[in-house]
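One letter stands for each residue in the lines below.
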Amino acid sequence: MYRIALYIFSTLLACAVNAHSPDDKKSIERAMLDYIESQHQVKPNLMRRGLDKKLAKRTFWKAKDGSEFIMETDYETMIWIAENYNKDDDKFPPSPKIDIDILDIDNRAASVKLSVDEWIDYAHLYKNDKNEWKIINVLWQYHDTKRHVSKK
């Protein structure tokens, strides 16, 4: 009986420690939507709202000579992308695919997979002291990894 009570208590304690508010899921989804919709709609303020200033976004890439390296993108570059990438409204289909899969939430940390038309992003988010979920890390790739090559 003691073991059963101890098991139930430890299970309840683990659930309480990993608990998150019902609004956390919505806030995480909102941060991910800010990230992608800022690119679709040319709205850098959405990007600013969704990202932490210490963002590290990475992917594997091949140089023109065929050597592979890790390409990194920072917060400022992502703001520039939100301001410029889709200015002519020709980078995305009329109804872009957006699939947000929250893989895990544990207190103030979350892992998310974002699938869009041509690529996927695996993102890590954290909840800051203002109770805002921010994207801090992104690992991305095109679905067609042959596109991970410098053209110049």
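Residues numbered from 1 in each chain as written. Predicted model: local features only at pLDDT ≥ 70, side-chain atom pairs only at ≥ 80, totals over all residues. Heavy atoms only, no water.

A tally of helices and strands in the chain yields four helices and six strands. Helices and strands appear in the chain in the N-to-C order α-α-α-β-β-α-β-β-β-β. Across the 152 residues that make up the chain, the buried fraction comes to 34%. Taking the intrachain contacts of the chain between residues at least 6 apart in sequence as the baseline, contacts between residues at least 24 apart amount to 50%. Summed over all atoms, the accessible surface of the chain reaches about 10000 Å², with 53% contributed by carbon and sulfur. (Helix = DSSP H or I, 4+ residues; strand = E, 2+ residues; numbered from the N terminus. Buried < 20%, exposed > 50% of the residue type's maximum accessible area, 1.4 Å probe, protein only. Contact = heavy atoms within 4.5 Å. Areas by Shrake-Rupley, 256 points an atom, 1.4 Å probe, with all protein chains shown as cover.)

Within the structure shown, the criterion is met by five aromatic pairs. Ring geometry for Trp61 against Tyr142: centres 6.4 Å apart, planes inclined by 45 degrees, an arrangement best described as tilted. Taken as a pair, Trp61 in strand E1 (residues 51–62) and Tyr142 in strand E6 (residues 133–142) lie far apart in primary sequence, 81 residues in all. Classification of Tyr142 by relative accessible area gives buried; the value is 15%. Feature note: the residues Trp61, Trp140 and Tyr142 constitute an aromatic cluster, connected by ring pairs. Looking at Lys91, its charged tip hangs above the ring of Tyr85, at a distance of 5.4 Å from the centre. When the ring centre of Tyr142 is taken as reference, the NZ or CZ atom of Arg147 above it lies at 3.9 Å. (Phe/Tyr/Trp six-rings, centres within 6.5 Å; stacked < 30°, edge-to-face > 60°. Lys NZ or Arg CZ within 6 Å of the ring centre and 35° of its normal.)

Ordered by their spatial adjacency, six strands build an open sheet running E2-E1-E6-E5-E4-E3, and the pairing between neighbours is mixed. Bordering the open sheet on either side are strand E2 (68–73) and strand E3 (98–106), each of which pairs with just one other strand. Geometrically, the sheet is characterised by an average inter-axis angle of 15 degrees between neighbouring strands, direction not taken into account. Pairing geometry for strand E4 (residues 109–116) and strand E5 (residues 119–127), over seven bridges, is antiparallel. Across the sheet, Lys113 pairs through a bridge with Tyr122, a residue of E5. Each of E1, E3, E4, E5 and E6 touches helix H2 (residues 22–41); the most contacted strand, E3, lies at about 140 degrees to it. (Pairing = 2+ DSSP bridges. Axes fitted to C-alpha atoms, helices over the stretch in contact; angles between N-to-C directions.)

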